[in-house]
Amino acid sequence: MRKNIFLLLAILILGLEGFSQANPGFDITGNLQSFFSSHSFENAYLQFDKPYYAAGDTIYFKAYVTEGEQHKLSELSGVLHVDLINPGNKIDQSIKLRLNSGISWGDFALPESLPEGNYRIRAYTQLMRNNGDADFFERTFPVGSLFNDKKDKKHNEQKLQEINQKPDIQFFPEGGNLVNGLRSKVAFKAIDENGLGIKVKGIILDNKNNIVDSLSSIHLGMGDFYLNPQEGNSYKAKLTFADGAQDTVDLPKSATSGIALIINNDSIAKASVKIEANANYYQAHQNKEFLLVIYSGGIMVSVNCKLDSSIIDLGILKKHLHTGVTRITLFSPDREPLCERLIFIKNKRPLDLHIKSDKTIYTKREKVNMDLIEKNTDDSMVPGHFSVSVVDENKVPENENNERNILTDLLLTSEVKGNVEQPNYYFNDTSEVARENLDVLMLTQGYRRFEWKQVMNTNETPLAFQPEKTLEISGKVTSISGKPLAKATVNLIPSFKSNFLTTKSGKNGLFHFSNLIFFDTTHFVLSAINAKGRNSTKISYLNNEEEPAVIDNKKIYEPIANDSSMSVYVENAKKVQEEYSHFKGKLLKPVILKGKLPLDNQYRTQSLAGAGNADQVMHAKEIERIGGMLSTSLNGRLRGIVFYDGAPYLAGTLTTGPMIVVIDGVVANSQNASGQVGVFDVNTIPSFQVETVEVLKSATASIYGMGGGNGVLIITTKQGGDDLNDIPSIGVLPIAPMGFYKAREFYAPKYDDTNEDSNHPDLRSTIYWNPEIKTSKDGNSSFNYYNADGTGTYKVTVEGIDDNGDIGRVVYRYKVE
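Let's talk about the overall build of the chain
Argument step 1. In terms of regular secondary structure, the chain is built from 12 helices and 49 strands.
Argument step 2. Relative to its full complement of 817 residues, the chain shows a buried share of 51%.
Argument step 3. Counting every atom, the chain has about 38400 Å² of accessible surface; 49% of that belongs to carbon and sulfur.

Here it is as structure tokens:
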């Protein structure tokens, strides 16, 4: 007997009150709400100016960080960490971006000597770390070498061989389980040694070697077949892969008693749901209340299903579901998840983007004017943030099915487990075959946003990583003997023009300066005095920002050496580098140094006068030769300078005041209202931690203002060495923490009458990159740029999100003759 129910989700989808609770002791809706109230999550998506690069290029990108499953730009985090990871799974470059309402942009400059290989960029907020690296954004980029590094190619080939030695296959019964007596769909996915889909065919045999069905992959190693398992039988697949390899694999075991969840998603208007129990299960659970939960776009609808029939049919209207992955779960009367199925909903996107150009055919180096028009399906206009990339497709050819864009990432790949190969195929191709292949993909991928057991656990511990709003500087203050000092006064003195900050250390000697905003590598000085006002303290800078471990990415290892698109791109990159070198050689003129030897100029300094302009310089080897306290090492060796209680004075000026002491660009002396500087004991800095000491006198010292009349002593400390990471400083500690990264501006030439470079070849592959185009209240914006020398098709890609969380993407092409 069948029971037919048609779900009018137009009513239910309005809110969570669609759940009529059958078990007062367990509220799935309430638990889910509670879970998300304490488990906020973010997604990161990065748009890049192009799909691959060569050594010497700059990777430009725009970052969008969204909150929840409705994709609204996040206000939770203020810091985005972005890493460039090399083929050896080491971080080559790491930057921090300041997020402004979920928006930021940055870049990585690739050295010309960079070896060929697959590089990765990952991006994450601290909040994302609560789920390991599963929520991180990650993209693999082929990078071509300009020098054809055969050694590196051999390394890549060996890397591929280390991953797998033979093809692999997995089977996925619909709903999760095979049940005796119930005909079920079984999906499968076969992958090769690179982790990519591979063709496979075969037959299904029972334990008596009878052929019960056959299988053949239909798309990227995926396909499905039907199986009606019977009591007492087991099943196996006898397979032949595309490379000729053969294998025999056991199918999952079937349950003697069970229930199945079967969904037909072929119709555009609705999805048909069938809940079917076999005889044993129906007899044991007849007339009990089951619960069907439909979770779409962060909204849950639940429906009670009384098992008064062995088969229950339901219909779900798709137009009321969110575009993207919908999760459908069947719960037992005890509210245990029994079966689960994912389907993909393709409704019309709310955000409709259009590009209008002043022409369809242009000439080389001609100015291009573009209008961006943003509309919503309800004709409302909502401001949004967008980024635009223009590339010469002759120089940057790409298979569009391989594209990973804002739609594929936020609507598909961020919602399911595992690697999705050729994700844009499912958005580009609107045919019935593509829809069927997408449904098979849903059968082979699991939902990854949360597990139901997490929702059911009401005693979870607080999140280990909280949203990171701004930057922080932390440290520890102890006595000379190492005892933690409470209530010590700690000052943070910035090198830029700003008031210094003050805080107190806690019982364990720890101190924190929070809500900091500074850029690049900024120099600060930490100083501390104990509760009695004495500087007999040790300060340690705690750089406790442990980066997440870099996991060996075995999702995709696509060889790039023989890729035709990559070869075209690298050849053009070589021409660009040759032209740049030729052009640079004409511009650069030899510089003849007068006076001091060149080596006198080649040292690191934060002196306002610059390197090579000091009256005297001492380097680390000279300073360490004597050792001991810094004043002892310097006294008598710095000409015309004496030290009194560790403070430096120009000889004969003890009555007029001490020298200004500058540590890593920061004036360390105190200063009163009249501008007079106080004494500073240089012995608070260990001599072995000093890289250079410079002396400025007379006119050179005047760059530091009136106080420079008594001379300036500039101390530059050693920075970044492993042996210095944990070295405490007595009383004063110079530090140089990494601040927010300042993005480079993309260079786009303007070919007008005043342009001096118009006679040089323009071989750009990325013609234009603009990371931030904001539409107005009427939904419009515009941009312009000049074409390069390349002819053929230019591709314009605009992606972004409006203030309602609606995602948009448009691709526009025009000709250059």
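Overview of the packing of aromatic side chains
Argument step 1. Tallied over the full model, the rule gives 27 aromatic pairs.
Argument step 2. For the ring pair Phe-48 and Phe-61, a centre distance of 5.9 Å and an interplane angle of 50° mean the geometry is tilted. Note that Phe-48 is positioned in strand β2 (residues 42-48) and Phe-61 in strand β4 (residues 58-67), a separation of 13 residues in sequence. Of the two residues examined, Phe-48 and Phe-61, each falls in the buried class.
Argument step 3. Considering the side-chain rings of Phe-518 and Phe-524, the 5.0 Å spacing of their centres and the 75° angle between planes classify their relative orientation as edge-to-face. Comparing Phe-518 with Phe-524 shows no difference in burial state: the two are buried.
Argument step 4. An aromatic cluster of three or more residues is present, and its members are Tyr-45, Phe-48, Tyr-53, Phe-61, Tyr-64, Phe-108, Phe-137 and Phe-141.
Argument step 5. The ring of Tyr-226 has Arg-183 sitting right over it, with the charged end atom 4.0 Å from the ring centre.
Argument step 6. Lying over the aromatic face of Phe-427, Lys-346 brings its terminal NZ or CZ to 5.8 Å of the ring centre.

Concerning the pairing of strand β7 (residues 91-98)
On a regular strand, one side chain projects to one face of the sheet and the next to the other, so that they alternate.
Argument step 1. Pairing between strand β6 (residues 79-85) and β7: seven bridges, direction antiparallel. The residue of β7 that forms the bridge with Ile-85 is Ile-91.
Argument step 2. Hairpin connection, β6 to β7: the antiparallel pair is bridged by five residues, and Asn-89 has positive phi, about 65°.

Some words on the sheet that holds strand β14 (residues 200-206)
Argument step 1. Read from one edge to the other, the open sheet built from four strands follows the order β15-β14-β17-β18, with strand pairing classed as antiparallel. Looking along the sheet, the strands with just one partner apiece sit at the ends: β15 (211-216) and β18 (246-250). Looking at each pair of strands side by side, their axes are set apart by 20° on average, direction ignored.
Argument step 2. The sheet contact formed by strand β17 (residues 235-241) and β18 spans five bridges and is antiparallel. What sits directly across from Lys-238, in β18, is Thr-248.

Quick look at the environment of Val-570
Argument step 1. Tracing the sequence through the fold places Val-570 in helix α9 (residues 564-587).
Argument step 2. Considering only alpha carbons, one finds Val-570 and Val-143, 427 residues apart in sequence, at a separation of 8.9 Å.

Let's talk about the sheet that holds strand β48 (residues 792-802)
Paired through their backbone hydrogen bonds, the strands of a sheet run either parallel or antiparallel.
Argument step 1. Spatial ordering of the open sheet is given by β28-β49-β48-β30-β46, a layout of five strands whose pairing is mixed. Taken across any chain shown, the strands that pair with only one partner, and hence form the sheet edges, are β28 (361-362) and β46 (766-774).
Argument step 2. Bridging between strand β30 (residues 384-392) and β46 involves six bridges; their strand directions are antiparallel. The partner of Val-388 across the bridge, within β46, is Asn-770.
Argument step 3. Those strands touched by helix α5 (residues 406-413) are β48 and β49 (807-816), and its axis lies near 155° from that of β49.

Looking at the nonpolar core
Argument step 1. Of all hydrophobic cores here, the largest spans 75 residues; its most connected members are Val-82 and Tyr-426.
Argument step 2. Apart from residues no more than four positions distant in its own chain, Tyr-426 is found in contact with His-219, Leu-220, Met-222, Lys-346, Leu-412, Val-420, Glu-421, Ala-434, Asn-437, Leu-438 and Leu-441.
Argument step 3. Formed by 24 residues, the second largest nonpolar core is a distinct cluster that contains Leu-634, Leu-638, Met-659 and Val-666.

Thoughts on helix α2 (residues 28-38)
Argument step 1. Those residues of α2 lying buried are Ile-28, Thr-29, Asn-31, Leu-32 and Phe-35. Down the axis of α2, the buried side of the element spans an arc of 160°, and every buried residue falls inside it.
Argument step 2. Contact partners of the buried residues in α2: β22 (289-296), β23 (299-306), β25 (324-331) and α8 (452-456).

Regarding the pattern of salt bridges
Argument step 1. Applying the stated criterion across every chain, the model contains 22 salt bridges.
Argument step 2. Note that Glu-340 and Arg-327 form a salt bridge whose closest N and O atoms lie 2.8 Å from each other. A residue pair is termed long-range when its members are at least 10 positions apart, and Glu-340 in strand β26 (residues 337-345) and Arg-327 in strand β25 qualify at 13 residues.
Argument step 3. Assessed through its relative accessible area of 28%, Glu-340 is described here as partly exposed.
Argument step 4. Overall, Arg-327 belongs to the buried group, its relative accessible area being 2%.
Argument step 5. The structure contains a network of salt bridges with shared partners spanning Glu-393, Glu-400, Glu-403, Lys-795, Glu-799, Arg-809 and Arg-813.

Section: the confidence of the model for the chain
Argument step 1. Here the chain averages 84 in pLDDT, and 86% of its residues register 70 or above.
Argument step 2. Mean pLDDT across the elements of the chain ranges from a minimum in helix α1 (residues 9-12), with 40, to a maximum in β14, with 97.
Argument step 3. Note on residues 5-25: pLDDT under 50 across the span, and 45 contacts to partners over four residues away in sequence or across chains.
Argument step 4. Across residues 154-158 the pLDDT falls below 50, and counting only partners more than four positions away or on other chains, this stretch makes two contacts in the model.

Focus: unusual backbone geometry
Argument step 1. Backbone geometry places Asn-89, a non-glycine residue, at a positive phi of 65°.
Argument step 2. Locating Asn-89 in the fold gives a position in the loop between β6 and β7.
Argument step 3. The phi angle at Gln-422 is positive, at roughly 50°, despite the residue not being glycine.
Argument step 4. As for its placement among the helices and strands, Gln-422 is situated in the loop between α5 and α6 (425-428).

Considering the environment of Tyr-45
Argument step 1. Structurally, the position occupied by Tyr-45 is in strand β2.
Argument step 2. What makes Tyr-45 buried here is its relative accessible area of 1%.
Argument step 3. Each C-alpha atom of the pair Tyr-45 and Asn-405 lies 8.3 Å from the other, and the pair is 360 residues apart in sequence.
Argument step 4. For Tyr-45, the contacting residues outside a window of four places in its chain are Lys-62, Ala-63, Tyr-64, Phe-137, Arg-139, Arg-404, Asn-405, Ile-406, Asp-409, Leu-410 and Glu-799.
Argument step 5. Within the structure, Tyr-45 has its side chain in polar contact with the backbone nitrogen of Ile-406 (distance 3.1 Å).

How each quantity is defined
- Residues numbered from 1 in each chain as written.
- Predicted model: local features only at pLDDT ≥ 70, side-chain atom pairs only at ≥ 80, totals over all residues.
- Heavy atoms only, no water.
- Helix = DSSP H or I, 4+ residues; strand = E, 2+ residues; numbered from the N terminus.
- Buried < 20%, exposed > 50% of the residue type's maximum accessible area, 1.4 Å probe, protein only.
- Areas by Shrake-Rupley, 256 points an atom, 1.4 Å probe, with all protein chains shown as cover.
- Phe/Tyr/Trp six-rings, centres within 6.5 Å; stacked < 30°, edge-to-face > 60°.
- Lys NZ or Arg CZ within 6 Å of the ring centre and 35° of its normal.
- Pairing = 2+ DSSP bridges.
- Axes fitted to C-alpha atoms, helices over the stretch in contact; angles between N-to-C directions.
- Contact = heavy atoms within 4.5 Å.
- Core = buried A, V, L, I, M, F, W, Y, C linked by side-chain atoms within 4.5 Å.
- Arc of directions from axis to C-beta.
- Salt bridge = Lys/Arg side-chain N within 4 Å of Asp/Glu carboxyl O.
- pLDDT = per-residue confidence, 0-100.
- Polar contact = N/O pair within 3.5 Å; in protein donor to acceptor, adjacent residues only side chain to side chain.

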